[in-house]
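So you can see what is in the structure, the chains are spelled out below.
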Amino acid sequence: MKQIQCIAITLIMLLLITLSTAFADTNVTQVRTGERGASFRSSPEVTEYNKIRGIHADTVLNVYDYVNGWYYVEYRGEYGYVASDMVTVVRRGNSSSSSSNYSYSDNYSSSSNSNRSSSSSSSRSSSSSSRNSVQYPPDYEVTSDTYQVYSTNPAGYCYMYNMPSSVNGTNLGRYNNGEYIEIIDWYADDNYARVYSPRTQKRGYIRKTSLVPADDYKPIQYYAYVDSYEPYGYCYLYDRPSSTYGNNLGRHNNGELIYVLDWYADDNYAKVECANNGKIGYIRKACLSLQ
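Here is what the cut-offs are and how they apply
- Starting afresh in each chain, residues are numbered from 1 along the sequence in its written order.
- Totals for whole chains, interfaces and linings use every residue, but because this is a predicted model, local features are given only for residues with pLDDT of at least 70 and side-chain atom pairs only at 80 or more, for both listing and counting.
- To obtain the side-chain values, all non-hydrogen atoms of the structure were included, while hydrogens and water were left out.
- Only Phe, Tyr and Trp rings are paired, with Trp represented by its six-membered ring, and only when their centres lie within 6.5 Å; those with planes under 30 degrees apart are stacked, over 60 edge-to-face, the remainder tilted.
- Only protein chains enter the calculation, and the probe is 1.4 Å; a residue is then buried if its accessible area is under 20% of its type maximum, exposed if over 50%, and partly exposed in between.
- The criterion is that NZ of a Lys, or CZ of an Arg, lies within 6 Å of the ring centre and within 35 degrees of the ring normal, and then a charge sits over that ring.
- A run of H or I in DSSP becomes a helix once it reaches four residues, and a run of E becomes a strand once it reaches two; helices and strands are each numbered from the N terminus.
- Any two strands with at least two DSSP bridges between them are considered paired.

**Thoughts on the packing of aromatic side chains**
Phase 1: Tallied over the entire structure, the rule returns 11 aromatic pairs.
Phase 2: On the basis of an interplanar angle of 50° and a centroid distance of 5.0 Å, the ring pair of Y72 and Y81 is categorised as tilted.
Phase 3: Ring centres 6.0 Å apart and planes at 55° place the aromatic pair Y229 and Y232 in the tilted group.
Phase 4: Judged by relative accessible area, which is 58%, Y229 ranks as exposed.
Phase 5: With relative accessibility at 65%, the residue Y232 sits in the exposed group.
Phase 6: By the ring-pair criterion, three or more aromatic residues cluster together here, those being Y64, Y72, Y79 and Y81.
Phase 7: Cation over ring: R174 sits above Y157, and NZ or CZ is 3.8 Å from the ring centre.

Listed below in structure tokens is the structure:
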């Protein structure tokens, strides 16, 4: 009789554990990596040193937070970040759960839904620089004093400070590539311009190298590194998508940062801008590792 009671209690406990696990899982948002996989990073930014490892294609990840276009996820027992344009949402968690501080529906609707244009083959957004929804005054107009953030170091964003110094100044906030910035005084400092943000209505200083006139802005689709195996260790930039008919614009070695302007410019070549010299041309897609 005691054995039967023990078996019954064990079965009830197993049932309760199964039900509680199933219920808990509904509180977690899940995303899936695309056909090219994703980079798993220690911080929500693209740098040469913060990549932990690559994540294989079609991998489902549990999401625990969302930070400026990046999902904070768990992968093989480790926690880190993947870019939101490298994954697609496969399940929305129950945002009413009191056990999570992550408000998925608010973050997702304000960023991905409004700016994301997915390709059926790659599920990537049409412009990484527009990861976050930016709201401007309804009567806002672009003028000759309007610039846009176009930062390459750090890649994809910059900071505003209350004085022309990142060391002594107070950080007034982050501004992503593509955001409009009004120039108050370009010559306020040798390295910094005094500016105004119509989004945050803040005034401060941003490095001049992170700003370009609105007319010259070239939206970056993706960030990539040269990762060539044929030829091994390097690739070439051409003025057209052809190594036969194009002019060779220079050699670029593995590890160099490349800004992808149009991944779909050609079947075999992507239109790119090289971070180290600013040259624009075409590089074979097989020689690039998207981040």
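Next comes the rest of the description.
**Quick word on the side chain of S43**
Phase 1: Mapped onto the fold, S43 is located in the loop between strand 2 (38–41) and strand 3 (51–55).
Phase 2: Looking at S43, the relative accessible area reads 18%, which means it is buried.

**Things to note about the pairing of strand 11 (residues 180–185)**
Phase 1: Two strands pair when backbone bridges link them, and strand 8 (residues 146–149) and strand 11 are joined in this way by three bridges, in the antiparallel orientation. Looking at the pairing, Q148 lines up with Y180 of strand 11.
Phase 2: In terms of strand pairing, strand 11 meets strand 12 (residues 192–196) through three bridges, oriented antiparallel. Directly across from D185, in strand 12, lies its bridge partner R194.

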